[in-house]
Amino acid sequence: MKLKIGIALSVIVLVCCIISFALPWYQIDKRETKITKEVVVQYSWKKFSCQIDGDDKLSLNYDDDDVNSNYIATKACVTLALVNPFNVDNVSKILNSSLSFLKLSLNYDDDDVNSNYIATKACVTLALVNPFNVDNVSKILNSSLSFLVIASALALGTALLQLILLLSPKLCRSCIWKLLCIGCSIATIVMLFISFFTFLGAPKAFKDDTEVLGVNLQGACEDRWCDRIIGNDDDFKWIPGGGWWSCLAGCFTALCAGIFTLASHR
């Protein structure tokens, strides 16, 4: 009976791993004000997304760097000023010059950028979150989820070994199979905890990515998600997403599965 419970728990561990891959690992929520709408920025494996007041979610891969940096910086800065940066046709007809803001300039007819890219980055900037440099954040996420991949494979191996012990009583006479099962279970637990604790380095990653930017975005980040992994104030709420919590659930479920396997008479 204990082994059956261990198998069921191992299956739950696999489900937790799948949920961790599917859900975001971090979320920054800029609260609604009289001037601006609510903006939610989420960080997942290989991509980040932004959503304004429940509208369609915009997403972008971390490695999507095929855009001119001056273009995106100018558009995002204009968005930060709550001015429309996407359509300046009528203004250009009147002024027939270049648009400049915060020492960044752009010609009106410079439209060589993917619209989803500029819209996503501008949305993130509207939340006063750094959209220009996500190298360190993406490294933290990739590290955590790489360990999660290994943990998923080990959890599957543990479940298969448990099933073999349950269905093949003759193999149970050899302690080697049970030792393999227990070893695989311990390795699963270790990998899951490494994945979980690795992400605790996210605040430092946000800080390192934001240091290259101007005062406005540094001010928003300071004493918030660049300082501690969870918190809230009058303007922002920042918290690990469902993927991170699912990983934590997988950690303790895997621990329980290992205990039941060890306690079984097989």
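Our subject is the structure that appears above.
The numbering scheme is per chain: residues are counted from 1 as the chain's sequence reads. Local features in this predicted model are restricted to residues of pLDDT 70 or higher, and side-chain atom pairs are both shown and tallied only at a pLDDT of 80 or more, whereas totals for entire chains, interfaces and linings draw on every residue. To obtain the side-chain values, all non-hydrogen atoms of the structure were included, while hydrogens and water were left out.

## Digging into the overall build of the protein
Reasoning step 1: By the criteria applied, helices consist of DSSP H or I runs no shorter than four residues and strands consist of E runs no shorter than two, each listed in order from the N terminus. Of regular secondary structure, the protein possesses 9 helices and 8 strands.
Reasoning step 2: Only protein chains enter the area calculation, which uses a 1.4 Å probe; residues under 20% of their type maximum are buried, those over 50% are exposed, and those in between are partly exposed. Evaluated residue by residue, the protein yields a buried proportion of 44% over its 266 residues.

## Brief notes about empty space enclosed by the protein
One simple way to see leftover space: roll a probe sized like a water molecule over the atoms.
Reasoning step 1: Cavities and pockets were defined on a 1 Å grid built from protein atoms only: a cavity is a group of points that admits a 1.4 Å probe but offers it no way out, a pocket is an open group of points flanked by protein on both sides within 12 Å along at least five of seven lines, and a lining residue is one with an atom within 4 Å of any such point. Grid points are joined across faces, edges and corners, and a volume is the space filled by probe spheres set on the points. Under the definition given, this model contains 1 cavity of 30 Å³ or more.
Reasoning step 2: As for the largest cavity, its lining consists of Ser10, Val13, Ala155, Thr158, Ser185, Thr188, Ala254 and Ala257.
Reasoning step 3: Of all the elements in the fold, those that place two or more residues in the lining of the largest cavity are α1 (2-22), α5 (135-167), α6 (175-198) and α9 (242-263).
Reasoning step 4: In the scheme used here, Gly and all other residues not listed as nonpolar or charged are polar, with Ala, Val, Leu, Ile, Met, Phe, Trp, Tyr, Cys and Pro taken as nonpolar and Asp, Glu, Lys and Arg as charged. Tallied by class, the residues present in the lining of the largest cavity amount to 4 nonpolar, 4 polar and no charged.

## Details of helix α7 (residues 202-210)
Reasoning step 1: Regarding α7, the residues found buried are Ala202, Pro203, Ala205, Phe206, Asp209 and Thr210. For α7, the angular spread of buried residues about the axis comes to 160°, placing them on one side. In this description, the arc belongs to the directions extending from the helix axis to the C-beta atoms.

## So, the pattern of salt bridges
Reasoning step 1: Between Lys or Arg on one side and Asp or Glu on the other, a salt bridge is scored when a side-chain nitrogen of the former is within 4 Å of a carboxyl oxygen of the latter. The full count for this structure, using the stated rule, is 4 salt bridges.
Reasoning step 2: With its nearest N and O atoms 2.9 Å apart, the salt bridge here joins Asp208 to Lys204. Separated by 4 residues within a single helix, Asp208 and Lys204 lie in helix α7, roughly one turn from each other.
Reasoning step 3: Accessibility expressed as a relative area gives 26% for Asp208, which makes it partly exposed.
Reasoning step 4: A single salt-bridge network, built from bridges that share partners, covers Arg224, Asp233 and Asp235.

## A few points about the sheet that holds strand β3 (residues 47-52)
Reasoning step 1: Two strands are said to pair when DSSP picks up at least two bridges between them. As summarised here, the arrangement of the 6 strands in space is β4-β3-β2-β1-β8-β7, forming an open sheet in which the pairing is antiparallel. A single partner strand is all that each edge strand has here, and the edge strands are β4 (58-61) and β7 (231-232).
Reasoning step 2: One ladder, built from 6 bridges, connects strand β2 (residues 39-44) with β3; its direction is antiparallel. Bridge pairing links Val39 to Ile52 in β3.

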